[in-house]
Amino acid sequence: MNQLFDFDYMFRSFPEILRQAPVTLLISVGSMAIGLVIGLITALLKIYKIPVLSWIATFYVSFTRGTPLLVQIYLSYYGIPKILAFMNIGLNIGQVPSIVFIYVAYSLNVGAYLSESIRSAIQAIDKGQVEDAYSVGMSKVQSMFRIIIPQAVTIALPNFGNSFIGLMKDTSLAFIIGVVEIMAQAKIVGARSLRFFEVYINSAIIYWVICLIMERVLYWLEKKTRKHLET
Amino acid sequence: MIDIIDLHKAFKKNKVLKGVNLHVDPGEVVIIIGPSGSGKSTMLRCINYLERPNRGIIRVDDLKVDARNVHSKQIVALRNKTAMVFQHYNLFKNKTVVENVMEGLIVAQKMDKKLAYDTGVSYLEKVGLLDKLNEYPAKLSGGQKQRVGIARALALNPKVILFDEPTSALDPELVGEVLEVMKDVAKEGMTMIVVTHEISFAREVADHVYFMDDGIFVEDGKPSELINSPREERTRRFLSRVTLRVT
Ligand SMILES: Nc1ncnc2c1ncn2[C@@H]1O[C@H](COP(=O)(O)OP(=O)(O)OP(=O)(O)O)[C@@H](O)[C@H]1O
Ligand SMILES: [Mg+2]
């Protein structure tokens, strides 16, 4: 028990930590999906300069990018119950699982970053294609969703990938409000055996492998969506 | 039938169109020539409201749009009755050749997919691109892209096709193939308004030629009259410049 590094313990505790990997993945994928919707809406509000709403969008992006995620998680955790209590909708806040606050914080966080990628990608599509779409009788919304956004996705995909991988790693902060993902599980297991180094090595390996898999998937997606750019 | 009545358009303080009038009968090919910056593109783009005129009436077929009182429904209707071929062959880059032709049919005209595909194929055959159906625009030459643009315009079955210098951005050796296709289109009775510097094309194909300078039509006439014996000094000067450049 007093050896410097216990390989055997490391291998034995690995499955126990891996068991919480789905929670990490779920937070990542779920927040990314919601974040994409938020990011798209935010980007469109800014592009079309919708009065009032575009100012709110600018404030939201600036605030989110200018404050630490850790602070945002706390704001979500302590702030949402207060807002709900203020609105008095009779929901028992004690029963809201912590993971909900995590989804809120992470979706809003990644949404702000994604909105900037989406905005610059949409603005990179040449105006000629929009006129083209109008001239064949398509409406603004139709040309946005059928012509511009599909091409913008191709352009923004590498950025989306970076945001997604960053988000996945950031989920390691979720333990601070009691969500048991990979990191929290490592802490729990480590506290039992006091072999913290071994369990954290395990969690590092798990994060790294997830990241490698994500990179492969993204690479494949990028290749698939760039088909129309080949000359 | 197409009518443009007293069309005015300014960009901020810059008055570009200063009262343009034009009448085009069905099946007619009208060609517009004029120096750079005179407002030719702006006029064409006002016809389908890519630019919004400040004043004037556009009539296409039974649809009359008055700039003083326009509904967005009218603009969509106008765009459904017209088609445009651009100088810089704007094709949808994320769509294949045949999808480019189908897109307007499916989305704007609500045509059934299968029928849109067949329609697309038949027009692409007409412009000689049957072997490129499933290519993306990035793989085409300028001339081929422009022919897709023409096929797409034709497939929409418009009352008029507006051409804005369709050959000016092309390498010289590709100009011929596009002009040939345009000649075929004209022969089949399509109504066309064409902005071009190709004087010999105008001579051969046009029913009527207009010379635009500084936001108005200075003079117009049969191609033989206007090109061979222009009345106005400005027209003469312009023609001697372009013909010099061509030969
Ligand atoms: N979107 C715009 N905003 C501001 N000014 C514009 C815009 N489009 C055109 N103009 C101005 O309108 C004038 C006429 O331009 P237009 O493109 O209609 O000329 P043109 O006759 O088509 O010239 P060319 O032969 O070079 O194509 C020019 O002075 C141009 O700078
Ligand atoms: Mg022009």
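Let me sum up the structure you'll find in this document.

The rules behind these values
Residues numbered from 1 in each chain as written. Chains lettered and ligands numbered in written order. Predicted model: local features only at pLDDT ≥ 70, side-chain atom pairs only at ≥ 80, totals over all residues. Heavy atoms only, no water. Helix = DSSP H or I, 4+ residues; strand = E, 2+ residues; numbered from the N terminus. Buried < 20%, exposed > 50% of the residue type's maximum accessible area, 1.4 Å probe, protein only. Contact = heavy atoms within 4.5 Å. Lys, Arg positive; Asp, Glu negative; His and termini not counted. Charge placed at Lys NZ, Arg CZ, Asp CG, Glu CD. Buried area = accessible area lost by both parts, 1.4 Å probe. Salt bridge = Lys/Arg side-chain N within 4 Å of Asp/Glu carboxyl O. Nonpolar A, V, L, I, M, F, W, Y, C, P; charged D, E, K, R; others polar. Pairing = 2+ DSSP bridges. Axes fitted to C-alpha atoms, helices over the stretch in contact; angles between N-to-C directions. 1 Å grid on protein atoms, 1.4 Å probe; cavity = no way out; pocket = protein on both sides within 12 Å on 5 of 7 lines; lining within 4 Å. Points joined across faces, edges and corners; volume = space filled by probe spheres on them. Parallel < 35°, antiparallel > 145°, perpendicular 65-115°, else oblique. Left-handed = near helix turned anticlockwise from the far one by under 90°.

On to the overall build of chain A. Looking only at helices and strands, one finds nine helices and zero strands in chain A. Order of helices (α) and strands (β) in chain A, N terminus to C terminus: α-α-α-α-α-α-α-α-α. Projected onto its principal axes, the C-alpha coordinates of chain A cover approximately 75 × 55 × 25 Å. Per-residue burial over chain A gives 45% buried out of 231 residues. Expressed as a percentage of contacts within chain A between residues at least 6 apart in sequence, the contacts between residues at least 24 apart total 79%. Positive and negative charge centroids in chain A, built from 19 and 13 side chains respectively, lie 5 Å apart.

Time to look at the interface of chain A and chain B. On the side of chain B, 26 residues touch chain A, which itself brings 21 residues to the contact. Where chain A abuts chain B, roughly 2,100 Å² becomes buried across the two surfaces, and 55% of that area is made up of carbon and sulfur atoms. On inspection of chain A and its partner chain B, the count reaches four salt bridges. Elements represented by at least two residues in the side of chain A that touches chain B include exactly helix H6 (127-135) and helix H7 (140-170) of chain A. Along the lines of polarity and charge, the residues of the side of chain A that touches chain B split into seven nonpolar, eight polar and six charged.

This next bit is on the side chain of A:Ser163. All names here are of chain A. Within the secondary structure layout, Ser163 lies in helix H7. Relative accessible area serves as the criterion here: at 17%, Ser163 is assigned to the buried category. Those residues in contact with Ser163, other than ones at most four positions away along the chain, are Val110 and Leu114.

Summed over all chains, the structure comprises 27 salt bridges over all chains. One salt bridge connects A:Glu116 with A:Arg119, and the closest N-O pair in it is separated by 3.4 Å. In this pair, A:Glu116 and A:Arg119 are both assigned in helix H5 (residues 98-124), three residues apart and thus about one turn of the helix distant. The partner of B:Glu233 in a salt bridge is B:Arg236, with the nearest N and O atoms 3.6 Å apart. Of this pair, B:Glu233 and B:Arg236 both sit in helix H9 (residues 233-246), three residues apart, roughly one helical turn. On the basis of relative accessibility, which here comes to 44%, the residue B:Glu233 falls in the partly exposed class. One network of salt bridges, in which partners are shared, links A:Lys127, A:Glu131, B:Arg45 and B:Glu51.

To continue, consider the sheet that holds strand S4 (residues 55-60) of chain B. All names here are of chain B. Taken together, the four strands give an open sheet; going across it, the order is S2-S1-S4-S5, and neighbouring strands pair in antiparallel fashion. A single partner strand is all that each edge strand has here, and the edge strands are strand S2 (14-24) and strand S5 (63-66). Across the sheet, the mean angle separating the axes of adjacent strands is 15° when strand polarity is ignored. Direction of pairing for strand S1 (residues 2-11) relative to S2: antiparallel, over a ladder of eight bridges. Paired with Lys9 across the strands is Leu17, a residue of S2. Contacts from helix H1 (residues 40-47) reach S1, S2 and S4 within the one sheet, and its direction differs from that of S1 by about 120°. Contacts from helix H2 (residues 72-81) reach S4 and S5 within the one sheet, and its direction differs from that of S5 by about 130°.

What follows deals with empty space enclosed by the protein. Here the structure, examined in full by the defined rule, presents one cavity of 30 Å³ or more. The calculated volume of the largest cavity comes to roughly 40 Å³. A:Ser135, A:Val136, B:Ala83, B:Met84, B:Gly149, B:Arg152, B:Ala153 and B:Leu156 are the residues that line the largest cavity. When contributions to the lining of the largest cavity are tallied by element, the ones reaching two or more residues are strand S6 (82-85) and helix H5 (142-155) of chain B. A total of three residues in the lining of the largest cavity trace back to one element, the largest contributor, which is H5(B).

Let us now look at the packing of H6(A) against H7(A). All names here are of chain A. Orientation of H6 relative to H7, taken along the N-to-C sense of each, is 140°, at an axis distance of 10 Å. With respect to H7, the element H6 is oriented oblique. Classified by chirality, the crossing of H7 by H6 is right-handed. The residues of H7 that touch H6, namely those facing Gln129, Val130, Ala133 and Tyr134, are Lys140, Ser143, Ile147, Ile148 and Gln151. Its residues placed into classes, the contact of H6 with H7 shows five nonpolar, three polar and one charged.

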